[in-house]
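In case you want the letters, here they are:
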Amino acid sequence: MARDDAAVSSQPQFTVGTGGGGNGRSQMSAPLIDNDNIDRDQIVVPDKKSWKNFFAYMGPGFLVSIAYIDPGNFETDLQSGAQYKYGVSISAFHVAGTVIYVARKSRKLLWIILVASCAALIIQSIAANLGVVTGKHLAEHCRAEYPKVPNFILWILAEIAVVACDIPEVIGTAFALNMLFKVPIWAGVLFTGLSTLLLLALQQYGVRKLEFLIAFLVLTIAVCFCVELGYAKPNRSEVLYGLFVPQLKGDGATGLAISLLGAMVMPHNLFLHSALVLSRKIPRSVRGIKEACRYYLMESGFALAVAFLINVCVLSVSGAVCNSSNLSEDDQTSCSDLDLNKASFLLRNVLGKWSSKIFAIALLASGQSSTITGTYAGQYIMQGFLDLRLEPWVRNMLTRCLAIIPSLIVALIGGSAGAGKLIIIASMILSFELPFALIPLLKFTSSKAKMGDHANSIWLSGIAWIIGSLIMAINIYYIASSFINLILHSNLKLVAVIFSGIFGFSGMLVYLAAIGYLVFRKNKEISHLLILSTTHQPANTLDCHLPRDDLVTMQLPQTRADAVGSL
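Description of the structure in this document. The structure presented is a predicted model; accordingly, all values stated were derived computationally and were not measured.

**What about the overall build of the chain?**
Each helix and strand in the chain was counted, giving 23 helices and seven strands. Per-residue burial for the chain yields a buried fraction of 55% across its 567 residues. Looking at the chain as shown, the accessible area adds up to about 24,600 Å², and 68% of this sits on carbon and sulfur atoms.

**Considering the packing of aromatic side chains**
In this structure the tally under the stated criterion is twelve aromatic pairs. Judged by centre distance (6.1 Å) and plane angle (40 degrees), the rings of Tyr-146 and Phe-444 are tilted. Of this pair, Tyr-146 sits in the loop between helix H5 (138-145) and helix H6 (148-181) while Phe-444 sits in helix H18 (residues 435-445), and the two are 298 residues apart along the sequence. By relative accessible area, Phe-444 is classed as buried at 0%.

**Quick notes on the state of the cysteines**
In this structure the tally under the stated criterion is one disulfide. Between the sulfur of Cys-322 and that of Cys-335 lies a disulfide, 2.2 Å long from S to S. Here the disulfide of Cys-322 and Cys-335 is left-handed, its torsion about the S-S bond being about -90 degrees. In this pair, Cys-322 sits in helix H13 (residues 286-322) while Cys-335 sits in helix H14 (residues 329-336), placing the two residues 13 residues apart along the sequence. By relative accessible area, Cys-335 is classed as buried at 5%. With no disulfide of its own, Cys-224 has Cys-226 as its nearest cysteine by sulfur position, at a separation of 9.4 Å. Here Cys-224 falls in the buried class, since its relative accessible area comes to 10%.

**A short note on the environment of Val-265**
Mapped onto the elements of the fold, Val-265 is located in the loop between helix H11 (253-264) and helix H12 (267-276). Residue Val-265 is classed as buried on the basis of its relative accessible area of 2%. When the C-alpha atoms of Val-265 and Cys-118 are compared, they prove to be 9.9 Å apart, with 147 residues separating the residues in sequence. Among all residues touching Val-265, those that are not within four sequence positions of it are Tyr-68, Ala-116, Ala-120, Ile-123 and Leu-434.

**A word on the pattern of salt bridges**
Close approach of charged atoms allows side chains of opposite charge to pair. For the structure shown, the criterion picks out six salt bridges. Among the ionic pairs, Arg-521 bridges to Glu-145, the shortest N-O distance being 2.9 Å. Linking Arg-521 in the loop between helix H21 (494-520) and strand E7 (530-532) with Glu-145 in helix H5, this pair joins segments that are 376 residues apart in sequence. For the residue pair Arg-521 and Glu-145, the accessibility class agrees, reading buried in each case.

**Looking at the nonpolar core**
Among the nonpolar cores identified, the biggest contains 123 residues, and Phe-74, Phe-225, Leu-270, Ile-310, Phe-359 and Phe-385 are the most heavily contacted of them. The dominant element in this core, judged by the number of residues it contributes, is H13, at 16 residues. Once residues within four sequence positions are removed from consideration, Phe-385 is found in contact with Ala-139, Cys-142, Arg-143, Asn-151, Leu-154, Trp-155, Ala-158 and Phe-271.

Parameters and conventions
Residues numbered from 1 in each chain as written. Predicted model: local features only at pLDDT ≥ 70, side-chain atom pairs only at ≥ 80, totals over all residues. Heavy atoms only, no water. Helix = DSSP H or I, 4+ residues; strand = E, 2+ residues; numbered from the N terminus. Buried < 20%, exposed > 50% of the residue type's maximum accessible area, 1.4 Å probe, protein only. Areas by Shrake-Rupley, 256 points an atom, 1.4 Å probe, with all protein chains shown as cover. Phe/Tyr/Trp six-rings, centres within 6.5 Å; stacked < 30°, edge-to-face > 60°. Disulfide = S-S within 2.5 Å. Contact = heavy atoms within 4.5 Å. Salt bridge = Lys/Arg side-chain N within 4 Å of Asp/Glu carboxyl O. Core = buried A, V, L, I, M, F, W, Y, C linked by side-chain atoms within 4.5 Å.

If you want it as structure tokens, here you go:
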């Protein structure tokens, strides 16, 4: 059907340019988003200047914020609060067979949550901007930018990040079921596979209802921990001191700090946020793009502020409970090695039975809601890097099985303690993999060829690169120091120590070389983004465009009515 000239907007259009060098259709510019082929499930933003437009943009930020309040965050927060409190750390030693706990001012980790939350807001807003401006998400840009081998390696790393994110969800849900219904941990791990059916049931109701459900679950988690905070009654001055006076001292503090960063700034979330914003059909004009970027920043800020307060509540409750004056010897032992499962018994013993149940409800809501973010992140990653799309239930089952297998093995062999340690390991994996998503994002969004006039400003690029550099520097330092300590304190023979050192430092050099490749590799000179006025476009540009069918089919789930209508 011919396109009516009256339907062509007078606003500037965002188009893909091939940069020349080809013949036929490859020389033409193609609009990134085909206005005649928009998914019916998209939310249309009115093309008028109004503060009410903000409500049309609300939703993706809450889907993204779920990843910042998943069971992995709770596990790390609980251990940080128990071991280092918010303004006081606990040092234990034995005198005549009795465990004596001495509070001393030293290690504080609340400030890590504040720094990580601010960093997350900056980075997530940049990821949203990439999708808003170009109409392509991060994984698609990686496929277009990098050669096949680096692109395949980046895909593998991104998939590992999705599985690492899914492991805490599986274990956290199993712990919650154990707290509420006395289900064994290994059985709870298997039962979490049924959450796939829950997600499939939700898909038929469309984008907006899904976002409302996520917002409700976030609110449920927030209310539960506010109630817990009322039970625990932490010292307010110590909480504020721990938030704004940064310190990082003592054995294990660096490891927990990295786990906090890994749990707060997640690599798969960068892929997810740049794709979720495509569920809105925004005005394709300079003003419309700027408004969308501004409102997504505000919406992300609000959602991440709620996530930040929840994390502060978890750490504060843990610190207050483990420094209570009426702890029994068993509770003191639990505080020395606290995990999600022990936290339930600790809260019940110190604050009462209802406190334990409230914690379990919050944990269950967190674990189940994380299913959605992990599934969609994995789907967008696979589609973007490989141009391969699977049915949502196939993708969900694949990701869940990869997370269930190691979780089930650890739960059977190591019990709840081993499962808790697996959550910390998964969080650290996320932190180590962050550069391989963050560096491409920063380079793409700082590129005029890809972002046009909407590229990152100098100050924003500087702050983002400083954040990324600090995280990478902390990771490299921690890897090196931990590996050296492991070799020095091991009982291996000299030959084994030498070979271990060679192997370990070779791996570190590969890690640094991979980061260096991403940092110093020049972006392609081909311009992926051109802003052209429709009054100056060639006559055949609109008639011979290449529609972005993949964007239409990869949006958040279609409603049942849409599926029937497509038949």
